[in-house]
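Examining the three-dimensional arrangement
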Amino acid sequence: MAGFSWYLSEGFQVIIEKSREEKCSLKDVQLRFLCPDDLEEVRALCREWFPIEYPQSWYEDITSSEKFFALAAVYKSQIIGLIVAEIKPYLKLNAEDRGILSRWFASKDTLVAYILSLGVVRSYRRSGVATLLLDVFLNHLAGPVSQPPHEHRVKAIFLHVLTTNKEAILFYEKKRFHLHSFLPYYYSIKGRCKDGFTYVYYVNGGHAPWGLYDYFKYVARAALRGGGLYPWIWGKFRTALTIAWHR
């Protein structure tokens, strides 16, 4: 049975699940944003974690540009975990990602968050570090207190993952990310094309494009709550009863 504790860092308050098998105590893990001095350490970690070869400019950007949310988990002066994400306008997404939100949100004010990478040193995995990093990021975007400059304009958080990365897929599904689309030949790894998935987590009222079933469900819920359809039907019924009674 896992236990829970409150963890407070950099103004973010989140619930962290602590496994009995943890190899480091989360109370000893510090959170901080990346800085230029981290470049070589981060590059070595990413080469170990991910099959994709990132260019030098990417490492320079995530360690120095405020454009990225690049948060590190540090234990005994070593980076043991990292999450890198970018907040961007929904209208500027690539074509394959444009369908993650309903057209209702097709506005210049709508933002989305793209998780570029989330990794943990192998010896510290299943210690709650990945959950810590992801929960802090989610709370930053959808917590009870607005976080400028994004406030609550972010309507979706999405990522791409290799279809063969079962461990990552299971982790994100446990965190309530939903499979949105299949991306054939999305990745090029060592000269070979690999398939990917898009996973999405909706926040701040955002949702995927609706189908007929979704509209039916919305109307049914409105009727059960006594709003929308139900008052109209009840009003017509009462009018008919009144007319019949007076006759």
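- The name an unreviewed UniProt entry gives the protein is N-alpha-acetyltransferase 60, with Pieris macdunnoughi as the organism.
- Recorded under Sequence similarities (unreviewed entry), the UniProt text for the protein is reproduced unchanged: "Belongs to the acetyltransferase family. NAA60 subfamily."

1. Some words on the pairing of strand β4 (residues 68-75)
- Among the eight residues of β4, eight are classified as buried, and the element is accordingly described as predominantly covered.
- With burial as the criterion, each face of β4 is covered, one bearing Phe 68, Ala 70, Ala 72 and Val 74 and the other bearing Phe 69, Leu 71, Ala 73 and Tyr 75.
- Across four bridges, strand β3 (residues 30-33) lies against β4 in antiparallel orientation. Pairing of Leu 31 across the sheet is with Ala 73, part of β4.
- Bridging between β4 and strand β5 (residues 78-89) involves eight bridges; their strand directions are antiparallel.

2. Side note on the sheet that holds strand β8 (residues 178-189)
- Here seven strands make up an open sheet; going across it, the order is β3-β4-β5-β6-β7-β9-β8 and the pairing mixed. Each edge of the open sheet is held by one strand with a lone partner, namely β3 and β8. Strand-to-strand twist in this sheet, taken as the mean axis angle between neighbours without regard to direction, amounts to 25°.
- Examined bridge by bridge, strand β7 (residues 154-162) and strand β9 (residues 192-202) share seven bridges and lie antiparallel to one another. Paired with Leu 162 across the strands is Gly 196, a residue of β9.
- Packed onto the sheet, helix α1 (residues 39-49) meets β5 and β6 (111-120) and runs at close to 85° relative to β5.
- Packed on one face of the sheet, helix α4 (residues 166-174) meets β6, β7 and β9 and runs near 160° to β7.

3. Quick notes on the layout of surface pockets
- Computed from the structure, the second largest pocket encloses a volume of approximately 320 Å³.
- Looking at the second largest pocket, it is lined by 20 residues, and the ones nearest its centre are Phe 33, Glu 66, Phe 68, Phe 69 and Ala 70.
- Of all the elements in the fold, those that place two or more residues in the lining of the second largest pocket are β4 and β5.
- Counted by class, the lining of the second largest pocket contains 11 nonpolar, six polar and three charged residues.

Reading the values: rules and limits
Residues numbered from 1 in each chain as written. Predicted model: local features only at pLDDT ≥ 70, side-chain atom pairs only at ≥ 80, totals over all residues. Heavy atoms only, no water. UniProt positions renumbered as here; feature names shortened; annotations may be inferred. Buried < 20%, exposed > 50% of the residue type's maximum accessible area, 1.4 Å probe, protein only. Helix = DSSP H or I, 4+ residues; strand = E, 2+ residues; numbered from the N terminus. Pairing = 2+ DSSP bridges. Axes fitted to C-alpha atoms, helices over the stretch in contact; angles between N-to-C directions. Contact = heavy atoms within 4.5 Å. 1 Å grid on protein atoms, 1.4 Å probe; cavity = no way out; pocket = protein on both sides within 12 Å on 5 of 7 lines; lining within 4 Å. Points joined across faces, edges and corners; volume = space filled by probe spheres on them. Nonpolar A, V, L, I, M, F, W, Y, C, P; charged D, E, K, R; others polar.

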